[in-house]
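# Remarks on the overall topology
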Amino acid sequence: MTRIILSIGVLVLLVLGASSAAAQAGPVAPTNLRCPGPDLTYDPLTEQIVAAWENVVRYPITNDDQGPLGVALDTSCNLYVADSANHRVVKISATGDTLAQWGSDGRGVGQFHRPGAVALDSAGNIYVADSGNDRVVKLSPDGQVLMTWGKCTPGVQPCAPSPGDGPAEFFGPQGIAVDGGGNIYVTESVNNRVQKLSSSGQSLARWGTHGSGPGQFDSPWAVTVDGAGNLYVTDLNNNRVQKLSPSGDPLFQFGGTPGAGAAS
C-alpha cells in the first residue's frame with residue numbers, strides 16, 4: 001500500500017521562526033507572525049525538511065486520487081488541511097498532533113466531495129472550497145456548518161450539485177482566500193474566473209474569462225491576498241501566476257512559459 005506523506009517543511013520553516021543563518025538567507029517573518037518553535041538551521045541549497053506528518057492522510061492511491069490539496073494556518077499556529085481524497089478537513093497542531101477532523105464523502109450538511117482548499121478569517125471561521133460539490137462551505141472554529149453557498153443546497157437530501165456561472169454560483173471551486181476585511185475570494189477552475197464574496201456569501205465581484213491574455217485564466221487554481229488587498233492567482237494551464245489589484249485589474253504576471261528555470 002502506497003502512502004502519501006504531507007510534507008510541509010517549507011511552510012513550517014517559514015512560520016516557526018529561524019536561526020541567524022536563516023535570517024541571512026532571506027527575509028524573515030515579523031516576530032508577531034511566527035509560530036513558537038525551536039531555532040532552526042536552514043541551508044537554502046538543500047531546503048531541508050523540518051517536519052513531515054503522515055497521520056493526516058493515509059490511504060491507497062489510485063489514478064483518480066488526490067492527496068492534501070490545501071493548507072491554512074490560524075493565529076494559534078494550528079494547521080488546517082483540505083484532505084481531498086478523504087473528503088475532510090483535518091486540524092493539526094504545529095507539532096503534528098491531530099486535534100479535530102470534519103467531513104465525510106457526500107453532499108449533505110457537513111459533508112464534502114474532493115475539497116480543494118481551506119482558508120480562515122480573523123474570527124477563526126473556516127472556509128472550504130468543496131470542489132466536487134461546486135460549493136463553498138463556512139464552518140465555525142469548532143467545525144459546525146454555518147453557511148453554504150452554491151446551487152448544491154444543504155438540507156436537501158440528496159443535495160445534487162448543479163454548477164453555475166451566476167453570482168455566488170460555482171463550477172470547479174479550487175482555491176479560496178480571505179482578506180483582512182473578511183471578504184472571500186474563490187477561484188473557479190472550470191468557469192475560469194475569480195469571485196469575490198462578502199462574509200455572508202453575497203457576490204461582490206467576478207473577474208476573468210477563458211484565455212491567456214491579462215486578466216484571463218485557463219484553470220485558475222490557488223489564490224492568496226496580501227495586506228494591500230492585491231490578489232495572486234496560480235493560472236495553471238497558462239503556466240503563470242497573475243497579480244490583480246483589489247478591484248480585479250491585472251497588474252502583472254510571473255511566468256507564462258513552461259519550464260523549470262527562474263520565473264518559469
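Before reading further, recall that the structure is shown in the block above.
Report follows, based on the coordinates. Note that the coordinates shown come from a computational prediction; the quantities given were computed from them, not determined experimentally.

Let's shift gears to the side chain of Ser-198. When you line up the elements, Ser-198 lands in the loop between strand S13 (193-197) and strand S14 (203-207). For Ser-198, a relative accessible area of 11% puts it in the buried group. A distance of 3.0 Å separates a polar atom in the side chain of Ser-198 from a polar atom in the side chain of Ser-200. When near neighbours in sequence (up to four residues on either side) are disregarded, Ser-198 contacts Trp-149, Gly-182, Asn-183, Ile-184 and Leu-204.

Our focus in this paragraph is the packing of aromatic side chains. Under the counting rule described, the total for this entry stands at two aromatic pairs. An angle of 80 degrees between the planes, with centres 5.1 Å apart, marks the rings of Phe-252 and Phe-254 as edge-to-face. Residue class for Phe-252 comes out partly exposed when judged on its relative accessible area of 41%.

Further remarks concern the sheet that holds strand S6 (residues 98-102). Spatial ordering of the open sheet is given by S3-S4-S5-S6, a layout of four strands whose pairing is antiparallel. Either end of the sheet is taken by a strand with one partner, and the two such strands are strand S3 (68-73) and S6. Taking the axes of each pair of neighbouring strands and ignoring which way they run, one obtains an average angle of 20 degrees across the sheet. Looking at chain direction, S3 and strand S4 (residues 79-83) are connected through five bridges and run antiparallel. Counterpart to Pro-68 in the pairing with S4 is Asp-83.

Pairing is antiparallel across the open sheet formed by four strands, whose spatial order is S15-S16-S17-S18. Strands with a single pairing partner mark the edges of an open sheet, and in this sheet they are strand S15 (220-225) and strand S18 (250-255). Taken over all neighbouring pairs, the strand axes of this sheet differ in orientation by 20 degrees on average, direction set aside. One ladder, built from five bridges, connects strand S16 (residues 231-235) with strand S17 (residues 240-244); its direction is antiparallel. Bridge pairing in S17 places Asp-235 opposite Arg-240.

Applying the stated criterion across every chain yields a total of five salt bridges. Of the charged contacts in the structure, one is a salt bridge between Glu-169 and Lys-151, with a shortest N-O distance of 3.8 Å. Taken together, the residues Glu-169 in the loop between strand S10 (145-149) and strand S11 (173-178) and Lys-151 in the loop between S10 and S11 connect sequence positions 18 residues apart. Using a relative accessible area of 38% as the deciding quantity, one classes Lys-151 as partly exposed.

Okay, the environment of Val-145 next. Along the chain, the position of Val-145 falls in strand S10. Considering only alpha carbons, one finds Val-145 and Asn-125, 20 residues apart in sequence, at a separation of 9.9 Å. Among residues more than four places away in sequence, those in contact with Val-145 are Val-109, Gly-110, Val-137, Lys-138 and Leu-139.

Within the largest apolar cluster, 13 residues are counted, with the highest numbers of intra-cluster contacts made by Trp-149, Ile-176, Ile-184, Val-186 and Leu-197. Apart from the residues within four sequence positions on either side, Leu-197 is in contact with Trp-149, Ala-168, Phe-170, Asn-183, Ile-184, Val-186, Gln-202, Ser-203 and Leu-204. By size, the runner-up hydrophobic cluster in this structure holds twelve residues, among which are Ala-72, Ala-82, Val-89 and Leu-120.

Procedures and definitions
- Residues numbered from 1 in each chain as written.
- Predicted model: local features only at pLDDT ≥ 70, side-chain atom pairs only at ≥ 80, totals over all residues.
- Heavy atoms only, no water.
- Helix = DSSP H or I, 4+ residues; strand = E, 2+ residues; numbered from the N terminus.
- Buried < 20%, exposed > 50% of the residue type's maximum accessible area, 1.4 Å probe, protein only.
- Polar contact = N/O pair within 3.5 Å; in protein donor to acceptor, adjacent residues only side chain to side chain.
- Contact = heavy atoms within 4.5 Å.
- Phe/Tyr/Trp six-rings, centres within 6.5 Å; stacked < 30°, edge-to-face > 60°.
- Pairing = 2+ DSSP bridges.
- Axes fitted to C-alpha atoms, helices over the stretch in contact; angles between N-to-C directions.
- Salt bridge = Lys/Arg side-chain N within 4 Å of Asp/Glu carboxyl O.
- Core = buried A, V, L, I, M, F, W, Y, C linked by side-chain atoms within 4.5 Å.

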